[in-house]
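# Remarks on the overall topology
One letter stands for each residue in the lines below.
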Amino acid sequence: MHTSGSVAAVDLGATSGRVVVGHVDHDGVRMEHLARFTNGPVTLHEGDAHGGRDALHWDVVELYRQVTTGLRRAFADHRDIASIGIDSWAVDYGLLRDGRLLGLPTHYRDERHAHGVAKVHAAMPATELYARNGLQHLPFNTLFQFAADPSLLLAQRALLVPDLLGYWMTGVEAAERTNASTTGVLGFSDGHGATTREWDPAVRAAAGLPSGFLPALRDPGDRLGPLLPSVAELVGGRSPVTLVGSHDTASAVVAVPATDPDFAYVSSGTWSLVGVELDAPVLSDAARDANCTNEGGVDGRVRFLKNVSGLWLLSESVRTWERDGTAVDLEALLASAAAVTVPVPVFDPADESFTAPGDMPARIAAWCAGHGLSAPANRAEFVRSILESLATAYADTLRTILDVTGREVRQLHVVGGGSQNRLLCQLTADRTGLPVLAGPVEATALGNVLVQARAVGLGGLRNASLEALRSIVARTVEPVRYTPRLDARTPHRTTPRGRMSV
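Okay, so let's go over this structure. Keep in mind the model is a prediction, meaning the values are calculated, not measured.

## Considering helix α12 (residues 330–338)
- Those residues of α12 that fall on the buried side of the exposure criterion are Leu333, Leu334 and Ala337. In an axial view of α12, the angular spread of the buried residues amounts to 100 degrees, which keeps them on one side of the axis.
- In the core, the buried residues of α12 are packed alongside α11 (312–321), α14 (379–405) and α15 (422–432).
- By the N-cap criterion, in which a side-chain oxygen at the helix start approaches the backbone nitrogen of a residue two or three places on, α12 is capped by Asp329, the distance to Glu331 being 3.2 Å.

Printed below as a string of structure tokens:
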């Protein structure tokens with residue numbers, strides 16, 4: 001057993017990626033960022049000169065180049081790297097035939113996916129689908145993407161994004177279970193009460209997928225395989241790839257520094273995921289009606305949550321304002337937003353009009369006009385409106401989750417990039433009436449590192465429980481505490497119910 005050493009975490013988000021080396025010993029974890037790179041949609045025309053459309057794709061080949069470049073630097077600087085782990089955003093996939101990629105993966109924000117919803121529901125009613133997969137209805141869920149994808153006729157295999165990169169590095173095709181649970185094809189129940197957590201053949205048929213189209217399921221902590229010789233030569237190292245919670249939120253939840261078991265979390269980034277951790281899925285009518293989701297977590301836990309639009313709303317607004325060539329000082333803009341004293345509109349961040357890229361301030365103004373509200377008057381008010389709306393959505397969502405599960409929560413952990421947004425964290429404390437503990441920022445990479453370290457036995461973590469891993473995070477990172485301001489100006493404030501108790 002190794003008492004100390006390092007692992008490399010590849011963490012790919014919907015707007016950026018990074019390669020991090022985590023140094024693990026008995027005293028805790030130290031993170032070293034060796035590579036950062038941007039990620040975003042690529043618009044490609046599909047059709048011919050007489051017709052077609054512009055479609056959104058992911059440039060996974062460029063992502064792979066950036067990843068291997070980062071790993072080459074990691075191995076050059078550190079010779080004690082014992083493992084590599086990969087996580088990414090969920091739902092999107094690459095199609096393979098004879099081991100070759102059939103075009104760039106389609107982006108989940110592409111409008112094509114909505115066409116698959118009716119096709120799947122015609123084959124399996126939404127009530128039966130939820131009873132099997134327990135998944136929140138989102139039009140870009142993978143099974144709807146499959147149903148709308150004309151390239152399936154040519155493909156032999158589908159691999160989710162982190163599994164695709166793992167395949168290119170090791171030659172091994174596999175589906176890591178936490179990410180597989182976001183597809184809608186993995187079943188939590190056979191529809192008759194028996195727990196499965198395997199690919200559901202009835203759902204697979206409803207999406208039009210042939211038998212054998214999806215690879216074998218594997219769990220976090222499993223060794224995927226050694227690097228292919230060509231990859232080992234490319235990166236300058238021979239460490240194997242270890243499966244982690246390859247859905248980035250699954251890794252982020254590992255790194256929630258909770259010392260109280262009665263906690264809820266917000267994994268805040270491009271998307272916000274508000275939830276609690278359970279031992280078993282909740283597949284009730286109430287859960288379905290509330291559009292809550294059951295997703296796999298590390299060590300067989302269930303992440304019971306809802307997706308809420310996140311800081312995508314702010315980043316898209318900033319991109320719009322910068323189109324005239326003038327850079328936006330985000331810190332100054334947030335300070336101005338914090339100083340706003342006039343009431344601002346609270347809108348529904350989950351409205352589908354905010355899903356696609358584009359002029360977000362104009363869409364917010366249009367939503368307000370359509371709901372009889374005055375639009376924000378300037379940039380500071382737009383930012384304040386976005387953050388007030390997100391905080392209100394967090395509170396409403398958490399209340400729904402607690403009502404459905406009967407859980408009691410005494411504190412709310414905010415992890416990920418949004419934990420740096422002081423105004424958002426304070427507004428969230430105000431709306432929920434709960435103390436908010438913000439941090440770590442790099443929760444996903446940290447959870448990735450800890451699962452690898454446990455798998456290879458670094459820092460005495462072999463066989464450590466999930467709670468033991470979280471205690472390491474709590475010792476390593478001191479969260480920033482935000483106390484609810486019960487006398488603060490909070491337009492449209494929702495009153496916490498009894499289960500949210502300080």
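Back to the write-up after that little detour.
## Observations regarding the environment of Gly134
- Among the structural elements, Gly134 can be located in the loop between α3 (126–133) and α4 (142–148).
- In this structure Gly134 comes out as buried when scored by relative accessible area, which is 0%.
- Through-space distance from the C-alpha of Gly134 to that of Asp54 is 33 Å; in sequence the pair is 80 residues apart.
- Here Gly134 is in contact with Leu129, Leu283, Cys292, Thr293 and Asn294, once residues within four sequence places are set aside.

## Re the nonpolar core
- Within the largest apolar cluster, 74 residues are counted, with the highest numbers of intra-cluster contacts made by Leu71, Ile84 and Met169.
- For Leu71, the contacting residues outside a window of four places in its chain are Ala8, Val10, Val19, Ile84, Met169 and Val235.
- Grouped together as the second largest cluster of nonpolar side chains are 54 residues, Val266, Leu278, Phe354 and Trp367 included.

## A short note on the packing of aromatic side chains
- Enumeration according to the criterion identifies 11 aromatic pairs in this entry.
- Ring pairs connect the aromatic residues Trp58, Trp89, Tyr108, Phe140 and Trp271, which therefore count as one cluster.
- The lysine or arginine in question, Arg109, covers the ring of Trp312, its NZ or CZ lying 3.6 Å from the ring centre.

## Some points on the sheet that holds strand β19 (residues 302–309)
- Strand order in the open sheet formed by 7 strands is β18-β19-β17-β16-β20-β21-β22, with mixed pairing between adjacent strands. The open sheet is flanked by β18 (293–296) and β22 (480–482), the only strands paired with a single partner. Pairs of neighbouring strands in the sheet enclose a mean axial angle of 30 degrees, with direction left out of account.
- Pairing analysis gives 8 bridges linking strand β17 (residues 271–278) to β19, with the strands arranged antiparallel. By the bridge assignment for β19, Val274 is matched with Lys306.

## Remarks on the environment of Gly269
- By the secondary structure assignment, Gly269 is in the loop between β16 (263–268) and β17.
- Along the backbone, Gly269 and Gly417 are 148 residues apart, and their C-alpha atoms lie at a distance of 5.2 Å.
- Setting aside chain neighbours within four positions, we find Gly269 in contact with Gly310, Leu311 and Trp312.

## Thoughts on the side chain of Thr182
- Looking at the element boundaries, Thr182 is found in the loop between α6 (177–180) and β11 (186–189).
- Side-chain polar atoms of Thr182 contact the backbone oxygen of Asn179, separated by 2.7 Å.
- Look past the residues within four positions of Thr182 in its chain and what remains in contact with it is Ala90, Val91, Leu135, Thr142, His247 and Glu295.

## Thoughts on the environment of Thr15
- By secondary structure assignment, the location of Thr15 is in the loop between β1 (5–12) and β2 (16–25).
- When the C-alpha positions of Thr15 and Thr38 are compared, they lie 6.1 Å apart, and in sequence the two are 23 residues distant.
- Not counting chain neighbours up to four residues away, the residues in contact with Thr15 comprise Thr38, Asn39 and Thr270.

## Remarks on the sheet that holds strand β8 (residues 100–101)
- Here we have 3 strands laid out as an open sheet, ordered β8-β7-β9, and antiparallel in their pairing. Of all strands in the sheet, those bounded by a partner on one side alone are β8 and β9 (157–160).

The rules behind these values
- Residues numbered from 1 in each chain as written.
- Predicted model: local features only at pLDDT ≥ 70, side-chain atom pairs only at ≥ 80, totals over all residues.
- Heavy atoms only, no water.
- Buried < 20%, exposed > 50% of the residue type's maximum accessible area, 1.4 Å probe, protein only.
- Helix = DSSP H or I, 4+ residues; strand = E, 2+ residues; numbered from the N terminus.
- Arc of directions from axis to C-beta.
- Contact = heavy atoms within 4.5 Å.
- Polar contact = N/O pair within 3.5 Å; in protein donor to acceptor, adjacent residues only side chain to side chain.
- Core = buried A, V, L, I, M, F, W, Y, C linked by side-chain atoms within 4.5 Å.
- Phe/Tyr/Trp six-rings, centres within 6.5 Å; stacked < 30°, edge-to-face > 60°.
- Lys NZ or Arg CZ within 6 Å of the ring centre and 35° of its normal.
- Pairing = 2+ DSSP bridges.
- Axes fitted to C-alpha atoms, helices over the stretch in contact; angles between N-to-C directions.

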